Amino acid sequence: MNFKKKPFGFMDMLRFKKMVPTRRKMLAEGENKPLPQEYRTNILAKKLHPGYMQVELTDARALSDTIRELTFKRVDTNEFPFFRAGQYVSIQMKIGDSLVSRPYSIVSTPKQALENKLVLAVENAGFVSEYLNKKAKVCDSFVMTEPSGEFHYETLRDSKNIICIAGGSGITPFISMAGSLADGDENYSMILFYGARTAAQLIYKTELDKLTAQCKGLKVVYVLSDEEHPECEKGFISAKLMEKYTDLTDSTFFMCGPQAMYDFVGKELAPLNLPIKAVHHDATCCGDLPMDNPKEFKLTVHMRDDVYTIPAKENETLLTAMERAGLNAPNKCRAGGCGFCHSKWISGKHRVAENRDGRREADRKFGFIHPCVTYPMEDMEIDVPVAY
Ligand code: FES
């Protein structure tokens, strides 16, 4: 065989021989100063992702008979992290013996977060929301998770034209998205179809009209199902109605509202054969299963060095059972998607709510569950991390 001589290989050898003495020299000449305790990147990461935040209710006002707007400030520091308009926070509180939390879309804008202001609008529709709607008062303290969620505009994925469809209290993330557009923090062109039964139920109409007047890229179409109104369309948010205002083919859809609205609009959009990535739904919490006489099982929960045995109903998620018992189990979306409640299954038959299994294949294979969407079918034992 013929080998070519490589003079550069020889040079590399020489350099390699010198490497150790050169390093020793540089170390000897280096500054004799301890490394910084914190690096700028870590400080920024902590600012953007604080994990849990201590907050205080600063203002509350009724938006309708059933919806109350709540304004919070952070008390562990003086600003909220910048977030993506459309995201949610989960708010935790103690009600009686239960330690409960619920996710709510953020109404205020990312810019307002930097002014230490975060607004939620809560519809009175359950145990926690009833407490927030009727009992929470100014100066009350809460624990809140950092803003999270995938329901936001993504430049690389979405069309510049976004069609937003809101039903009832599902308007909340779109107020933030419209506000963020008006603030100059987003560059999409947004048309919002806002459906309600009557004009009185169109919460935030005044704010939306004001934003529309000041922002060229925003248009709002109000749609009432039960009432005629000079400023509104009558009926439902059908494809025909939307086509009257915009091109449906070159757009990305964002929807937030009740399941009935998702089903209806989904059927309307089906003939367009849109790619999956062109339609985003905001997640809804996984609720109780409709059952007449649910059985009660024993749930054994390992949390670090402690073991608890608590009751768990067959129609309630394991997360609800733990909250009822006052255990501080981690959770955010309560819809199976974020993985924040990720826990180890030890024993016991269980079922996962339909279309809610957001686990990775490996998690499924190695026995991990999401307690927020898992219902017991017999006595169970699980290992759960502590929230904080
Ligand atoms: S809380 Fe998000 S997956 Fe369970």
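Residues numbered from 1 in each chain as written. Predicted model: local features only at pLDDT ≥ 70, side-chain atom pairs only at ≥ 80, totals over all residues. Heavy atoms only, no water.

## Observations concerning empty space enclosed by the protein
Spelled out, the test is: Every definition here rests on a 1 Å grid over the protein atoms only: cavities are sets of points where a 1.4 Å probe fits but cannot get out, pockets are open sets enclosed by protein on both sides within 12 Å along at least five of seven lines, and lining residues have some atom within 4 Å of a point. Grid points are joined across faces, edges and corners, and a volume is the space filled by probe spheres set on the points. Only DSSP runs of H or I with at least four residues qualify as helices, and only runs of E with at least two residues qualify as strands; both kinds are numbered from the N terminus onward. Residues were grouped as follows: Ala, Val, Leu, Ile, Met, Phe, Trp, Tyr, Cys and Pro as nonpolar; Asp, Glu, Lys and Arg as charged; and all remaining residues, including Gly, as polar. Segment limits for the domains were obtained from an automatic or database-derived domain assignment.
What the rule picks out here adds up to two cavities of 30 Å³ or more. For the largest cavity, the lining is made up of 13 residues, of which Tyr52, Gln92, Ser101, Thr145 and Asn331 are closest to its centre. Those elements that place two or more of their residues in the lining of the largest cavity are β3 (88–95) and β6 (141–145). By residue number, the principal contributor to the lining of the largest cavity is β3, which donates three residues. Class assignment for the residues of the lining of the largest cavity results in seven nonpolar, six polar and no charged. There is about 30 Å³ of room inside the second largest cavity. What lines the second largest cavity is simply Gln92, Leu99, Val100, Ser101, Glu323, Leu327, Asn328, Ala329 and Asn331. Counting residues per element, the lining of the second largest cavity draws most heavily on strand β4 (residues 98–105), which supplies three residues. Looking at the lining of the second largest cavity residue by residue, the class counts come to four nonpolar, four polar and one charged. Split by domain, the lining of the second largest cavity shows at least three residues from each of two domains, domain 1 (44–145) and domain 3 (296–383).

## Some words on the pattern of salt bridges
What counts here: A pair is scored as a salt bridge if a Lys or Arg side-chain nitrogen falls within 4 Å of a carboxyl oxygen belonging to Asp or Glu.
Going through the model one piece at a time under the given rule, you end up with 23 salt bridges. Among the salt bridges present, the one from Asp357 reaches Arg359, with a minimum N-O distance of 2.8 Å. Beyond isolated ion pairs, a larger network of salt bridges with shared partners links Asp357, Arg359, Glu361 and Arg364.

## With respect to the layout of surface pockets
Each pocket or cavity is described by its volume, and for the second largest pocket that value is around 630 Å³. Around the second largest pocket, the lining comprises 26 residues; the ones closest to its centre are Gly167, Gly168, Gly195, Ala196 and Arg197. Looking at the lining of the second largest pocket, the elements that each hand over two or more residues are β7 (161–167), β8 (189–196) and α8 (259–269). The biggest single contributor to the lining of the second largest pocket is α8, with four residues. Split into classes, the residues belonging to the lining of the second largest pocket amount to 13 nonpolar, nine polar and four charged. Built from parts of two domains, the lining of the second largest pocket gets at least three residues from each of domain 1 (44–145) and domain 2 (161–281).

## Quick word on the sheet that holds strand β14 (residues 306–313)
Two orientations exist for strands paired in a sheet by backbone hydrogen bonds: parallel and antiparallel. This is how the line gets drawn: The rule for pairing is simple: two strands pair if DSSP sees at least two bridges between them.
Pairing in this open sheet of five strands is mixed, and the strands run β14-β13-β19-β15-β17 from one edge to the other. With one partner strand each, in any of the chains shown, β14 and β17 (368–369) form the two edges of the open sheet. As paired elements, strand β13 (residues 296–303) and β14 share eight bridges and run antiparallel to each other. The partner of Met303 across the bridge, within β14, is Asp306.

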